[in-house]
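# Residue-level structure breakdown
Listed here are the chains, written in short residue letters.
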Amino acid sequence: MSAPSFDSLLSRGRIAGLELSNRVLMPAMDMNLCVDGEMSDGEIAHYSARAAGGTAMVITGTGAVAWPIGATSLHQPAFSDDRFIPGIRRLADSVHAAGGKLCMQLCHHGKTASVDVAQGRPQLVPSLLEGQMDMSALRDNPMSELMALATATQGKKATYKVADEDDLAWVIDQFAQAARRVQSAGVDAIEIHAAHGYLLSSFLSRGYNKREDRWGGSLENRVRLTCEVVRAVKAVVGKNYPVLVRVNGYEYGLEDGLRPEETARAAAFIEEAGADAIHVSANAHNPFADFTQGPLPTEIAQYRDFAKKIKQHVTIPVVAVGRMLPEVANAMIAAGECDFVSMGRQLLADSDLVIKLQRGQYRSVRPCINCYVCVEQNFFDGNPKCAVNPALCNESVAVLTPMFKAKHIVVIGGGPGGMEAARVAATRGAKVTLIEKGSRLGGTLWFSQLTTPANGPLLDWLTFEIKRLGVDVLLSTMATSEVVKALNPDEVIVATGARRGLPDVPGADLPHVLTGDALRSLIAGDDDANVQSLSRLERSLISAGRSIGLLRNAARLRALSKSWMPVGKRVVVIGGSLVGLELAEFLAQRHRLVTVLEQGQHMGLPMAMPRRWTAVSAAKKLGVVLIREASVISISSVSVRYRSGEEEFEVRADTVVVASEVYPDSHVADSLKDLSVPVHIIGDAKTVDYIEGAMHSAHEVARGL
Ligand SMILES: Cc1cc2nc3c(=O)[nH]c(=O)nc-3n(C[C@H](O)[C@H](O)[C@H](O)COP(=O)(O)O)c2cc1C
Ligand code: SF4
């Protein structure tokens, strides 16, 4: 495979008077590590790591110009007083020392200013709107999450104030004062937040702004507040000092919301007011329904066309965002569709992205898997964590120190936990032997690509890295006590995953009742025992698929499964957790009539919230019947009986897939008790916590060896 070119992405660029070493920016992402608005060591370490990793300019998570007024959190950066300047200067100095440039995002949060609610102030809005947002998705949030969601507002009810002339003059002045403080602290640029439903963007959007005065109605009037802020800020910071403005290219789920054509015309006004760059994001009106459209899109380069459109209407640089892959970003810049890209979650997943691209190590970039685990914490007013990068918000663990004395580590289990443990141990200088009983690496991660393709790059990365690091991989090998002993390890890590069982009900042993693993093995033609239960035609199809290697390629297998799968028309999935829900969607997309029976009250746990909300609604749109609080009583060859409340029901089923009954399983570790070396258990073998748990526990154990 020839290495892709990143010449355009890595070329120098300029915004106003600021020279930038390449075209990769990090967009604002709340880390929530400030203490009462004061910059903290944790924030500084986070941004400095991304600067050291080659990012041309990092933009800080949104800060409040009039903090705590108009603030969304007490943990976000505050700009409302000169006393915050020394902390900001510490951040700027650190980012500069790491070789990067620093931009701070300035905001008034308007109708999402949770701190106003908590402190008993009305939220500032352009207009009072009627109607309630559909919050039915919250039914899949357990009480603990509902309580956490109310943290920032302290559970109080919001009240609103329609902004008058005095309020708006005050807002404009607050932005100007904040800009002065930020510039005086040595920060290189400012981004004015006019996106994501906050105050400026709510004025800009016809969907929220119903005014009939000079701040509402025509586009020119609606964009006036943003333009006035830009003018006031530019008057303070001067012509050469870069002022970026972040806008929504699209407002999903909002009647009369912004669309690219209108945003493009707004951008022209904003340029005329003095802005130096436009950063094209997007938003969704109802986060409970559409958060995975905006501001955190699911599709790769989902906002590409929005940026392209806006670029046609302005002469200043345009920054594109939204699941940018380096190769797509490079192509966009080369084609003149945008001038810069900002890569958010990818830079949370790997702070060294740019340096790796510069060194030609693009395959060593740890990929973001679009799982939304990071941003879920923001809903709780917490600090993001990354499923694949345990160092997020804890940069002290990012550097893997060499082992004092190189050890021989045997890792048992080639799933994500085992591979990550092998990677970390090998990076630290250990000799690592990885034993996998199957014929390929990946374990459940390999299978999960079928239902969740975004997981594929993680497996590719782990596979590439352990090969690059010289890990000795023994496939199709059972890790018996004798085999492990013969390898003479200093320490052993067991990452053999969970045990997946069948429910203890009559009929669970019928041949059409499969565990999730068995189903996926069947689709992949892996499991001979299950394959034998198929028809002769199906068996010969599987045998043909195996012989041409078709069944070893997840992407091709996923495509193939659209036309053929050894699964009946009516499928009952027992268990509506993360795995069950993803499987149900996968099957429904393949024209199966799917019913999910979940014993608990909530679907999709422990999937991170915004994705859970979307997955539930996507499954429903595909016709999946979701039944909560359903206890399975029995299974027959044609149906499943279950109890819901006091009543019993029956649902027809040609195939039954059991996605519940997943338990930690330490039997391999138990069988190694006689070894006289430390044996560590990680991942699902210890606690069922899927990819995040596997990656984090592996990292923790392997860096402590
Ligand atoms: C944890 C997290 C926090 C975010 N906080 C902000 C924010 O403070 N201000 C903002 O404009 N966007 C925020 N965003 C949105 C990002 O700036 C970015 O636009 C979005 O993640 C899409 O880019 P990506 O697909 O490269 O991640 C946040 C995103 C994440 C993941
Ligand atoms: S938590 Fe998930 S979505 Fe967020 S950066 Fe990490 S891998 Fe990406």
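## Quick word on the domain arrangement of the protein
Segmentation of the protein into domains returns domain 1 (13–396), domain 2 (402–498 + 673–703) and domain 3 (501–519 + 555–662). Put simply, the middle of domain 1 and the middle of domain 2, counted by C-alpha atoms, are 38 Å apart. Listed as interface residues are 15 residues of domain 1 and, on the opposing side, 14 residues of domain 2. When domain 1 packs against domain 2, the two sides together hide about 1,300 Å² of surface, and 62% of this comes from carbon and sulfur. Considering only the surface of domain 1 that becomes buried against domain 2, Arg363, Ile369 and Pro390 emerge as the three largest contributors, covering 40% of it. On inspection of domain 1 and its partner domain 2, the count reaches one salt bridge. Across the pair lysine 385 and glutamate 692 runs a salt bridge, and its minimum N-O distance is 2.8 Å. Summed over the shared surface of domain 1 and domain 2, the result is four residue pairs in polar contact (both at pLDDT 80 or more). In terms of residue class, the side of domain 1 that touches domain 2 is built from eight nonpolar, three polar and four charged.

## Focus: the packing of helix 1 (residues 41–52) against helix 2 (residues 85–97)
The packing of two helices is summarised by the inter-axis angle and the distance between the axes. Running from amino to carboxyl end, helix 1 crosses helix 2 at an angle of 25°, the nearest separation of the two axes being 8 Å. Of the possible angle classes, the one that applies to helix 1 and helix 2 is roughly parallel. Between helix 1 and helix 2 lies a crossing whose hand is right-handed. Residues Asp41, Glu43, Ile44, Tyr47, Ser48 and Ala51 of helix 1 form the contact with helix 2, whose participating residues are Arg90, Leu91, Ser94 and Val95.

## Observations regarding the site of ligand 1
Ligand 1 sits among 23 residues. The nearest are Ala28, Arg246, Arg323, Gly344 and Arg345. Between ligand 1 and the protein, one listed contact pairs an oxygen atom with a backbone N or O atom of threonine 62 at 3.1 Å. Between ligand 1 and the protein, one listed contact pairs an oxygen atom with a backbone N or O atom of arginine 323 at 2.7 Å. Considering every element that reaches the shell around ligand 1, the biggest residue donor is helix 15 (residues 373–379), with three residues. Within the shell around ligand 1, the residues separate by chemical class into eleven nonpolar, eight polar and four charged.

## Quick notes on empty space enclosed by the protein
Counted according to the given criterion, the structure contains two cavities of 30 Å³ or more. In this structure, the largest cavity occupies an estimated 90 Å³ of space. Among the elements that line the lining of the largest cavity, the one with the most residues is helix 13 (residues 345–349), at three residues. Within the lining of the largest cavity, the residues separate by chemical class into ten nonpolar, one polar and two charged.

## Here we look at helix 16 (residues 416–427)
For helix 16, built from twelve residues, the straight-helix expectation of 16 Å at 1.5 Å per residue is met to within 8% by its first-to-last C-alpha distance of 16 Å. Burial within helix 16 is extensive, with eleven of its twelve residues counted as buried. Those residues of helix 16 that fall on the buried side of the exposure criterion are Pro416, Gly417, Gly418, Met419, Glu420, Ala421, Ala422, Arg423, Val424, Ala425 and Ala426. Residues of helix 16 that are buried sit in contact with strand 14 (408–412), strand 15 (431–435), helix 17 (444–451), helix 18 (456–468), strand 17 (491–494) and helix 27 (690–703). Immediately beyond the C-terminal end of helix 16, within one or two residues, lies glycine 429, with a positive phi of roughly 100°.

## Things to note about a nonpolar patch on the surface
Together, Leu128, Tyr160 and Val162 give the surface a local cluster of nonpolar side chains, amounting to about 290 Å² of exposed area. Looking at the element boundaries, valine 162 is found in strand 8 (residues 160–162).

## Section: the site of ligand 2
If you check the shell around ligand 2, you find 13 residues, and the closest are Cys368, Cys371, Cys374, Cys386 and Ala387. Under a 2 Å grid-point criterion requiring more than half of the atoms, the pocket assigned to ligand 2 is the largest cavity. Among the residues forming the shell around ligand 2, the class breakdown is ten nonpolar, one polar and two charged.

Reading guide: rules and limits
Residues numbered from 1 in each chain as written. Chains lettered and ligands numbered in written order. Predicted model: local features only at pLDDT ≥ 70, side-chain atom pairs only at ≥ 80, totals over all residues. Heavy atoms only, no water. Domains from an automatic or database assignment. Contact = heavy atoms within 4.5 Å. Buried area = accessible area lost by both parts, 1.4 Å probe. Salt bridge = Lys/Arg side-chain N within 4 Å of Asp/Glu carboxyl O. Polar contact = N/O pair within 3.5 Å; in protein donor to acceptor, adjacent residues only side chain to side chain. Nonpolar A, V, L, I, M, F, W, Y, C, P; charged D, E, K, R; others polar. Axes fitted to C-alpha atoms, helices over the stretch in contact; angles between N-to-C directions. Helix = DSSP H or I, 4+ residues; strand = E, 2+ residues; numbered from the N terminus. Parallel < 35°, antiparallel > 145°, perpendicular 65-115°, else oblique. Left-handed = near helix turned anticlockwise from the far one by under 90°. Near = heavy atom within 4 Å. 1 Å grid on protein atoms, 1.4 Å probe; cavity = no way out; pocket = protein on both sides within 12 Å on 5 of 7 lines; lining within 4 Å. Points joined across faces, edges and corners; volume = space filled by probe spheres on them. Expected span 1.5 Å × (residues − 1). Buried < 20%, exposed > 50% of the residue type's maximum accessible area, 1.4 Å probe, protein only. Patch = residues over 30% accessible without salt bridge, like charges linked within 9 Å, V, L, I, M, F, W, Y side chains within 5 Å. Areas by Shrake-Rupley, 256 points an atom, 1.4 Å probe, with all protein chains shown as cover. Sits in = over half its atoms within 2 Å of the grid points.

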